[in-house]
Amino acid sequence: QVRIVESGGGLVQPGGSLRLSCAASGNIFSIYHMGWYRQAAGKQRELVAIISSGGSTNVADSVKGRFTISRDNAKNTVYLQMNSLRPEDTAVYSCYAEVNDSWYWGKGTLVTVSS
């Protein structure tokens, strides 16, 4: 079994920063892509950022220049550094990982940007 666990969400004021973490654990032979999606209330889920095992990244235009994705392959962990947060960034952020050629999802962590 593979387990995906996110952490780091919470309440932050506009302009503030948060760092999300996501760790994969269990019976892991290989992890290729890891990344983050988000879903705001009443909106469709959207891709935020993705990173390959080699470090190639793809970041949504809506967060480019503000969010940075990185990973620690030794720890099977992916991070999302979120700076200059805006109220429109409020959403449930879910981590996913391509583990052993299958996709696994975490339960999500809520990020609320509000004064």
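Only a predicted model underlies this, so the values are computations on that prediction, with no experimental measurement involved.

**Observations regarding the overall build of the chain**
- Helices and strands together make up the secondary structure of the chain, namely 0 helices and 11 strands.
- Reading the chain from its N terminus to its C terminus gives the helix and strand order β-β-β-β-β-β-β-β-β-β-β.
- Taking the principal axes of the C-alpha coordinates as reference, the chain spans close to 45 × 25 × 25 Å.
- Scored against the burial criterion, the 115 residues of the chain give a buried share of 41%.
- With an accessible surface of roughly 6,300 Å², the chain has 45% of that area assigned to carbon and sulfur atoms.
- Positive and negative charge centroids in the chain, built from 11 and 8 side chains respectively, lie 4 Å apart.

**What about the nonpolar core?**
- Formed by 30 residues in total, the largest nonpolar core has its most connected members in W36, V48, F67, V78, L80, M82 and Y93.
- Listed by contribution, the elements that provide at least two residues to this core are β1 (2-7), β3 (18-26), β4 (31-39), β5 (46-51), β7 (67-72), β8 (77-82), β9 (91-99) and β11 (109-113).
- The greatest single-element share of this core, amounting to 5 residues, is contributed by β9.
- Discounting residues that sit within four places of it in the chain, F67 has contacts with R38, V48, V59, L80, Q81, M82, N83, L85, D89 and Y93.

**Concerning the packing of aromatic side chains**
- According to the stated counting rule, one finds 4 aromatic pairs in the structure shown.
- Between Y37 and W105, the ring centres sit 5.4 Å apart and the planes meet at 50°, which makes this aromatic pair tilted. Of this pair, Y37 sits in strand β4 while W105 sits in strand β10 (residues 102-105); the two residues are 68 residues apart in sequence, bridging distant segments of the chain.
- On the basis of relative accessible area, W105 is assigned to the partly exposed category, the value being 37%.
- Aromatic pair Y96 and W103: ring centres 5.3 Å apart, planes at 45°, arrangement tilted.

**Considering unusual backbone geometry**
- At S84, a residue that is not glycine, the phi angle is positive and equals roughly 50°.
- Relative to the assigned elements, S84 resides in the loop between β8 and β9.
- For S84, a relative accessible area of 42% puts it in the partly exposed group.

Reading the values: the criteria
- Note on numbering: residues in each chain are counted from 1, in written sequence order.
- Under the rules for a predicted model, residues below a pLDDT of 70 receive no local features and side-chain atom pairs below 80 are neither given nor counted, while totals for whole chains, interfaces and linings still include all residues.
- Hydrogens and waters are ignored; side-chain quantities use all the structure's heavy atoms.
- Secondary structure elements are defined from DSSP: runs of H or I of at least 4 residues count as helices, runs of E of at least 2 residues count as strands, and each element is numbered from the N terminus.
- Relative accessible area decides the class of each residue, using a 1.4 Å probe on protein chains only: under 20% of the type maximum gives buried, over 50% gives exposed, and in between gives partly exposed.
- For accessible areas, the Shrake-Rupley method is used with a probe of radius 1.4 Å. Any residue's cover is judged against the shown protein chains and nothing else.
- Residues scored as positive are Lys and Arg, those scored as negative are Asp and Glu, and His as well as the terminal groups of each chain are ignored.
- To locate a charge, the coordinates of NZ of Lys, CZ of Arg, CG of Asp or CD of Glu are taken.
- Grouping buried Ala, Val, Leu, Ile, Met, Phe, Trp, Tyr and Cys residues that are joined through side-chain atoms within 4.5 Å yields what is termed a nonpolar core.
- Contacts between residues were defined by any pair of non-hydrogen atoms, one from each residue, lying within 4.5 Å.
- What counts as a ring pair is set by centres within 6.5 Å for rings of Phe, Tyr and Trp (its six-membered ring), and what kind of pair is set by the plane angle: stacked under 30 degrees, edge-to-face over 60, tilted for all other angles.

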